[in-house]
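# Architecture at a glance
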Amino acid sequence: MKGIVLAGGTGSRLYPLTKVTNKHLLPVGNKPMIYYPIEKLTGIGIEEILIVTGTEHMGDVVNLLGSGKDFGCRFTYKVQDEAGGIAQALGLAENFCGDEPMTVILGDNIFEAGLSKARENFDGTGSQILIQKVEDPERFGVAELEGDRIVGIEEKPKDPKSEYAVTGIYMYDSQVFDLIKNLKPSKRGELEITDVNNHYIENGTMKYSILDGWWTDAGTPESYKVANNLAHKLIG
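It should be emphasised that the depicted structure is a prediction, and the values quoted were computed from it without experimental measurement. (Residues numbered from 1 in each chain as written. Predicted model: local features only at pLDDT ≥ 70, side-chain atom pairs only at ≥ 80, totals over all residues. Heavy atoms only, no water.)

## Observations concerning helix H1 (residues 35-42)
A large share of H1 lies buried, amounting to six of its eight residues. Buried within H1 we find Tyr-35, Tyr-36, Pro-37, Ile-38, Lys-40 and Leu-41. (Buried < 20%, exposed > 50% of the residue type's maximum accessible area, 1.4 Å probe, protein only. Helix = DSSP H or I, 4+ residues; strand = E, 2+ residues; numbered from the N terminus.)

The structure is reproduced here in structure tokens:
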């Protein structure tokens, strides 16, 4: 299995903190934000990790992470030239992954639990998303569940069909790249990861796992503060 960390975007919601650096290089707890998803990937034995980031701060990302030797893995880097959406960024990983399945983590996801349980639940075919119950599901993509099946994902709904938010942690087979090639841009002009996930759902090849422990993104001033407070608990 290959690992992918998507660390692009402009970080506009965290401006001016992101005026001179990539959002994912900001400190969370006692280390840069991007360390957290990398450590979750190496924690399930992934040794080949692709880092996708934008043009402006690619040099800083490479200077920080290097070859991957310090993390017990090997890094490959790809540049997303424009803010074209999460699915567009994932599409850059096609040659890197080949026919292998992958675990994808958005670079601003900070969470407590490891991914071993989810990895065991995924046989490398179809897809799997990780979800977690939240108090404000209307802020997120929301998973509609029927028993042990996921039947739909709705992006930031006014009337959520469940309390389960889709976290930025996904597992896919290599068919994901064919889906991305056939996507049409959303009203935002981007290729949406929710559209990718809904295609898998329509094909009956989407699983889900519930993420244990706490989870947050760190993409807004409010959630960045939450992420730091939670990360300090890990430090003790």
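On we go.
## What to know about the packing of aromatic side chains
Counted by the stated rule, this structure contains six aromatic pairs. A ring pair is formed by Phe-140 and Trp-215, whose centres lie 5.5 Å apart and whose planes are at 55°; its orientation type is tilted. Here Trp-215 lies in strand E13 (residues 215-217) and Phe-140 lies in the loop between strand E8 (127-133) and strand E9 (141-146), a separation of 75 residues in the sequence. Like Phe-140, the residue Trp-215 is buried in the burial classification. A ring pair is formed by Tyr-170 and Tyr-172, whose centres lie 5.9 Å apart and whose planes are at 15°; its orientation type is stacked. The exposure classification of Tyr-170 matches that of Tyr-172, with both residues buried. Among the aromatic residues, those joined into a cluster by ring pairs are Tyr-35, Phe-71, Phe-75 and Tyr-77. Sitting above the plane of the Phe-96 ring, Lys-2 keeps its charged end 4.5 Å from the centroid. (Phe/Tyr/Trp six-rings, centres within 6.5 Å; stacked < 30°, edge-to-face > 60°. Lys NZ or Arg CZ within 6 Å of the ring centre and 35° of its normal.)

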